[in-house]
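Survey of secondary and tertiary structure
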Amino acid sequence: SAVISQKPSRDICQRGTSLTIQCQVDSQVTMMFWYRQQPGQSLTLIATANQGSEATYESGFVIDKFPISRPNLTFSTLTVSNMSPEDSSIYLCSVGIRGRPGANVLTFGAGSRLTVL
Amino acid sequence: DAKTTQPPSMDCAEGRAANLPCNHSTISGNEYVYWYRQIHSQGPQYIIHGLKNNETNEMASLIITEDRKSSTLILPHATLRDTAVYYCIVFYGGATNKLIFGTGTLLAVQP
C-alpha cells in the first residue's frame, strides 16, 4: 500500500492566519481525500482532491475556507484559511487506487494536528 | 451510503477473542462492509472488508449474517496493542468512492 507523508505533523497557529498542509504519496494514486477529526470526535470528510480540477467539497465545507490543490497524482495540499480556535483539529490525508467495487482500500496519513490560539 | 450502528465501547481481556458487532440494516446489495481502526494519535488503518461471505486475514475475521444486516469483527487473540477505536463502514466504492466514518467502538484490551 501507499506510504503517505504529511507535513507539518503538528503546528500552533494564531487566530486569523492560514496554514497549508502537504500530503505527499510515494506512488501514483487516483483517489485523494482530506478529512478532519475534531477533538474526541470521529473523522469527517472535507473534500475529494481532484487532479487538475477543483476539489469536490462535502456539505458544510467551502473552498474559500479550505482551498485544496492537487497538481499531480502524488501530491495535494489543504489550506485552512483565516483560522479560529474552532479549526483546532487533526487533518488527515487519505489515498487509494480507484478500482472495481470491493477493491478500494484507503490508506491514511498520520495526520496534522493543528492548534489555533 | 448506509448507516451503521456500533456500541460506543467494549472491554476485552488480553489473549481472549474480541467480538465487535455492527448493525447495518439498510445496507444495499452492492455495498461492502469495511472495518478500519484508529489507534490513539494515528491515522485509521484498514483491517478487512467483505460483501457476503465471511472473510479472514492475518489481522481479523469478518462474519456477515446471511441477510447482511449485521456483521461481527473478530480479533482472535486480542493484545494491548489492539486497543483502538474500530469503525464499521458500509461502502460501495463506486464512482464517488467516499468513505464516511461513524462514531465507532472504543475497544479497551485489559491486561
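Just so we're clear, the structure is a prediction, and the values are computed from it rather than from any experiment. (Residues numbered from 1 in each chain as written. Chains lettered and ligands numbered in written order. Predicted model: local features only at pLDDT ≥ 70, side-chain atom pairs only at ≥ 80, totals over all residues. Heavy atoms only, no water.)

1. Focus: the packing of aromatic side chains
Any pair of aromatic rings gets described here by the distance separating the centres and the angle formed by the planes. Going through the model one piece at a time under the given rule, you end up with eleven aromatic pairs over all chains. Judged by centre distance (5.7 Å) and plane angle (90°), the rings of Tyr35 of chain A and Phe101 of chain B are edge-to-face. Taken together, the positions of Tyr35 of chain A in strand β4 (residues 31-37) and Phe101 of chain B in the loop between β8 (84-91) and β9 (105-110) put the pair across two chains. Comparing Tyr35 of chain A with Phe101 of chain B, the two get one shared label, buried. Plain terms: the ring middles of Phe108 of chain A and Phe101 of chain B are 5.7 Å apart, the flat faces sit at 80° to each other, and that makes the pair edge-to-face. Here Phe101 of chain B lies in the loop between β8 and β9 and Phe108 of chain A lies in strand β10 (residues 107-108), a pairing that spans two chains. We classify Phe108 of chain A as buried; its relative accessible area is 9%. In this structure an aromatic cluster arises from ring pairing among Tyr35 and Phe108 of chain A together with Tyr34, Tyr36, Tyr46, Tyr87, Phe91 and Phe101 of chain B. (Phe/Tyr/Trp six-rings, centres within 6.5 Å; stacked < 30°, edge-to-face > 60°. Helix = DSSP H or I, 4+ residues; strand = E, 2+ residues; numbered from the N terminus. Buried < 20%, exposed > 50% of the residue type's maximum accessible area, 1.4 Å probe, protein only.)

2. Some remarks on the interface of chain B and chain A
It is common to give the size of an interface as the accessible area lost on bringing the parts into contact. Facing 23 residues of chain B, the contacting portion of chain A comprises 22 residues. At the surface where chain B touches chain A, the tally comes to zero salt bridges. Applying the counting criterion to the chain B and chain A interface returns four residue pairs in polar contact (both at pLDDT 80 or more). When residues of the side of chain B that touches chain A are traced back to their parent elements, those giving at least two are β3 (32-38), β4 (45-50) and β8 of chain B. Considering each element in turn, the side of chain B that touches chain A owes the most residues, four residues, to β3 of chain B. The residue inventory of the side of chain B that touches chain A, partitioned by class, reads twelve nonpolar, ten polar and one charged. (Contact = heavy atoms within 4.5 Å. Salt bridge = Lys/Arg side-chain N within 4 Å of Asp/Glu carboxyl O. Polar contact = N/O pair within 3.5 Å; in protein donor to acceptor, adjacent residues only side chain to side chain. Nonpolar A, V, L, I, M, F, W, Y, C, P; charged D, E, K, R; others polar.)

Honestly, it's all geometry; don't read function into it.
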